[in-house]
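# Tertiary structure, described
Residue strings, one per chain:
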2 protein chains.
Amino acid sequence: MRRIRLYVAYDGTDYHGWQIQKNSKTIESVLNAAISDLLGTETLVIGASRTDAGVQARGNVAVFDCDSRIPAEKMAGAINARLPEDIRIVKSDEVDLNWHPRKQDCRKTYEYRITSGKVQLPTKRLYSHFTYNNLNVNAMKKACAAFIGEHDFAAFCAAGSQADSTIRTIYALKVEKEGNETVIRVTGNGFLYNMVRIIAGTLMDVGLGKKKPEDMAGIIRSLDRTQAGPTLPAKGLMLVGYEYDK
Amino acid sequence: MRRIRLYVAYDGTDYHGWQIQKNSKTIESVLNAAISDLLGTETLVIGASRTDAGVQARGNVAVFDCDSRIPAEKMAGAINARLPEDIRIVKSDEVDLNWHPRKQDCRKTYEYRITSGKVQLPTKRLYSHFTYNNLNVNAMKKACAAFIGEHDFAAFCAAGSQADSTIRTIYALKVEKEGNETVIRVTGNGFLYNMVRIIAGTLMDVGLGKKKPEDMAGIIRSLDRTQAGPTLPAKGLMLVGYEYDK
């Protein structure tokens, strides 16, 4: 028995998120079907991140076990041949049988994109949140510092989360302008439910002048969801990828 | 009676191109329906460029005539409210009643995008042609010079074209690398049927080493379609926009 690791990119637009659901097309179910078809036996993946409907990924991670002799690095191409074009295996390799994608020390990076302008360009509509307003990117940059480090991020966690602890570490949080898009890029050891979309909403409030950079520390300390900004829509969110310590 | 000019952006993925057709959804038909609904009377646009199925635009141009008192610059928002999100009016203004979008001196710019890599990222799949091969961008840059100026581009015109003349002027042709995408950007006074996709296919052949930069002048002189490269797929093509002399 071997454990194969997949780095998975997808456009989440036409899916009900990652996690398998009855009667709904999800990334996980389509992936399971493709791998089961390749191996000729029912095979289930274990995913690292259960992204929501409409969220994109360049590097989600999943593993599955098999007895196949297909070389690990060839699995990507063989599975891609059985997947629709909106899901692609970027890379495949072999890991220890006890390697679990949700039980490893890792650095995980997300991007959130916001377009400012008079209209949303149609080719950006599925991958970027839109606002008519210009954002004050310098103020947003100043607001980032307060998030860095280990904090209790209860104020940035959606109701209904099943996390045991709301303590997480953010290693990096940056805001950059790319053309008429504002890109928020955050790296941490893990994120609470909707945490990135709430951080993006809070930074957007700063960009709109509704909140000040110096308000951030107090919002984090409050542990109160109502103090933070709105949860921005799923479509602006991209799971960039995972880096594992080993 | 007034003539209103629209600058139109769209994602052509779900349309059978610009031009109105029986029983098919086209950009033109959806635009006509939205404007007719706004004005309460059947109204038809005249488009500048009849783009093919799957081609994108940031700035196609269309005009329509009306008696409405809605200020010209407010038309964009009023029409957008009646359009699907994959078509957006970027700007609207008023022009002379004899101003015709296909009978004006203009500079027209297209972009063609080619992604090189091990897999096509799902979020790029609708807007960029994909190849497993790396392209020699320096060779492609060298190949551009031969195209500049007024030439008979018969070698770069698809069969079935109804153009009276195959002479066109190219003002600028540039190749640039943006991440793992190669972007070909061309500006001319007009383009023959499939001309930009054939130029892109010919430059791609140069990038793949199948043709040399110094072959370009001879291919143009040959006036022979079989000497030029393949017609690349529609989805990599974006009509960037028009500049009019007045």
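Note that the structure is a prediction, hence the values are computed from the model and not measured.

## Quick notes on the overall build of chain A
Helix and strand content of chain A: five helices and 10 strands. In terms of C-alpha radius of gyration, chain A reaches 19 Å, essentially the compact-globule figure of 18 Å for 246 residues. Seen through its principal axes, chain A has C-alpha atoms that stretch 55 × 40 × 30 Å. Expressed as a percentage of its 246 residues, the buried residues of chain A come to 57%. Long-range pairs, those at least 24 residues apart, make up 71% of the contacts in chain A with a sequence separation of at least 6. Summed over all atoms, the accessible surface of chain A reaches about 11200 Å², with 47% contributed by carbon and sulfur. Side-chain charges of chain A comprise 34 positive and 28 negative groups, with the mean position of each set lying 5 Å from the other.

## Some thoughts on the relation of the copies chain B and chain A
Each copy of the sequence occupies a distinct position, and chain B is placed on chain A by a rotation of 180° and an axial shift of 0.0 Å, giving an RMSD of 0.0 Å. Expressed as a symmetry operation, the mapping of one chain copy onto the other fits a two-fold axis. Taken together, the interface assignments show that 100% of the residues at the interface of chain B recur at the interface of chain A, consistent with an identical surface on both copies.

## Quick notes on the domain arrangement of chain A
Residue and element names in this part refer to chain A. For chain A, the domain assignment lists domain 1 (2-95) and domain 2 (106-244). Of note, the centres of domain 1 and domain 2, computed from C-alpha atoms alone, are 27 Å apart. In terms of surface lost to domain 2, no three residues of domain 1 exceed Asp52, Gln56 and Arg58, which account for 40% of the buried area on that side. At the junction of domain 1 with domain 2, the criterion picks out 13 residue pairs in polar contact (both at pLDDT 80 or more). Put simply, the parts of the chain that give the side of domain 1 that touches domain 2 at least two residues each are strand 1 (2-10) and strand 3 (56-66). Of the residues in the side of domain 1 that touches domain 2, the class split is six nonpolar, seven polar and four charged.

## Comments concerning the packing of aromatic side chains
The full count for this structure, using the stated rule, is 14 aromatic pairs over all chains. Between the aromatic rings of Tyr10 of chain A and Trp18 of chain A, the centroid separation amounts to 6.0 Å while the plane-to-plane angle is 45°, which identifies the pairing as tilted. Across the pair, exposure class does not vary: Tyr10 of chain A and Trp18 of chain A are buried alike. Plain terms: the ring middles of Tyr110 of chain B and Phe191 of chain B are 5.6 Å apart, the flat faces sit at 80° to each other, and that makes the pair edge-to-face. With Tyr110 of chain B in strand 5 (residues 106-116) and Phe191 of chain B in the loop between strand 9 (181-188) and helix 4 (195-207), this pair connects stretches of sequence that are 81 residues apart. Using a relative accessible area of 13% as the deciding quantity, one classes Phe191 of chain B as buried. Site record: aromatic cluster; members linked through ring pairs are Trp99, Tyr242 and Tyr244 of chain A. The residue whose ring lies beneath Lys91 of chain A is Tyr7 of chain A, and the NZ or CZ to ring-centre distance is 4.9 Å. One Lys or Arg, Arg107 of chain B, reaches over the ring of Tyr171 of chain B and ends 4.6 Å from the middle of that ring.

## Looking at helix 4 of chain B
Side chains that are three or four residues apart share a direction in an α-helix, a result of its 3.6 residues per turn. All names here are of chain B. The first and last C-alpha atoms of helix 4 sit 18 Å apart over 13 residues, in line with the 18 Å expected at 1.5 Å per residue. With 13 of 13 residues buried, helix 4 lies mostly within the body of the structure. One or two positions beyond helix 4, positive phi appears at Gly209, with a value near 80°.

## With respect to the interface of chain B and chain A
Many descriptions give the size of an interface as the accessible area lost when the pieces come together. Each partner contributes residues to the interface: chain B has 20 residues there, and chain A has 20 residues. Between chain B and chain A the total buried area reaches about 1700 Å² when both faces are included, carbon and sulfur atoms providing 69% of it. Linking chain B with chain A are two salt bridges, by the criterion used here. Of the charged contacts in the structure, one is a salt bridge between Arg125 of chain A and Asp11 of chain B, with a shortest N-O distance of 2.9 Å.

## Some thoughts on the pairing of strand 5 (residues 106-116) of chain A
Residues and elements named next belong to chain A. Where burial is concerned, most of strand 5 is hidden: 10 out of the 11 residues are buried. In terms of strand pairing, strand 5 meets strand 10 (residues 237-244) through seven bridges, oriented antiparallel. Bridge pairing in strand 10 places Tyr112 opposite Leu237. The sheet contact formed by strand 5 and strand 9 (residues 181-188) spans eight bridges and is antiparallel. The residue of strand 9 that forms the bridge with Tyr112 is Ile184. Here strand 5 pairs with strand 6 (residues 129-131) via three bridges, running parallel. Paired with Ser116 across the two strands is Thr131, which belongs to strand 6.

## Quick word on helix 1 (residues 27-39) of chain B
Residues and elements named next belong to chain B. The terminal C-alpha atoms of helix 1, which comprises 13 residues, lie 18 Å apart, in line with the 18 Å expected from a rise of 1.5 Å per residue. The element helix 1 is extensively covered by neighbouring structure, given that 10 of its 13 residues are classed as buried. Buried residues along helix 1 sit against strand 1 (2-10), strand 3 (56-66), helix 2 (75-80) and strand 4 (87-95). Just past helix 1, the residue Gly40 takes up positive phi, approximately 75°.

Criteria and thresholds
- Residues numbered from 1 in each chain as written.
- Chains lettered and ligands numbered in written order.
- Predicted model: local features only at pLDDT ≥ 70, side-chain atom pairs only at ≥ 80, totals over all residues.
- Heavy atoms only, no water.
- Helix = DSSP H or I, 4+ residues; strand = E, 2+ residues; numbered from the N terminus.
- Rg over C-alpha atoms; globule rule 2.2 N^0.38 Å.
- Buried < 20%, exposed > 50% of the residue type's maximum accessible area, 1.4 Å probe, protein only.
- Contact = heavy atoms within 4.5 Å.
- Areas by Shrake-Rupley, 256 points an atom, 1.4 Å probe, with all protein chains shown as cover.
- Lys, Arg positive; Asp, Glu negative; His and termini not counted.
- Charge placed at Lys NZ, Arg CZ, Asp CG, Glu CD.
- Least-squares fit on C-alpha atoms with pLDDT ≥ 70 in both.
- Domains from an automatic or database assignment.
- Buried area = accessible area lost by both parts, 1.4 Å probe.
- Polar contact = N/O pair within 3.5 Å; in protein donor to acceptor, adjacent residues only side chain to side chain.
- Nonpolar A, V, L, I, M, F, W, Y, C, P; charged D, E, K, R; others polar.
- Phe/Tyr/Trp six-rings, centres within 6.5 Å; stacked < 30°, edge-to-face > 60°.
- Lys NZ or Arg CZ within 6 Å of the ring centre and 35° of its normal.
- Expected span 1.5 Å × (residues − 1).
- Salt bridge = Lys/Arg side-chain N within 4 Å of Asp/Glu carboxyl O.
- Pairing = 2+ DSSP bridges.

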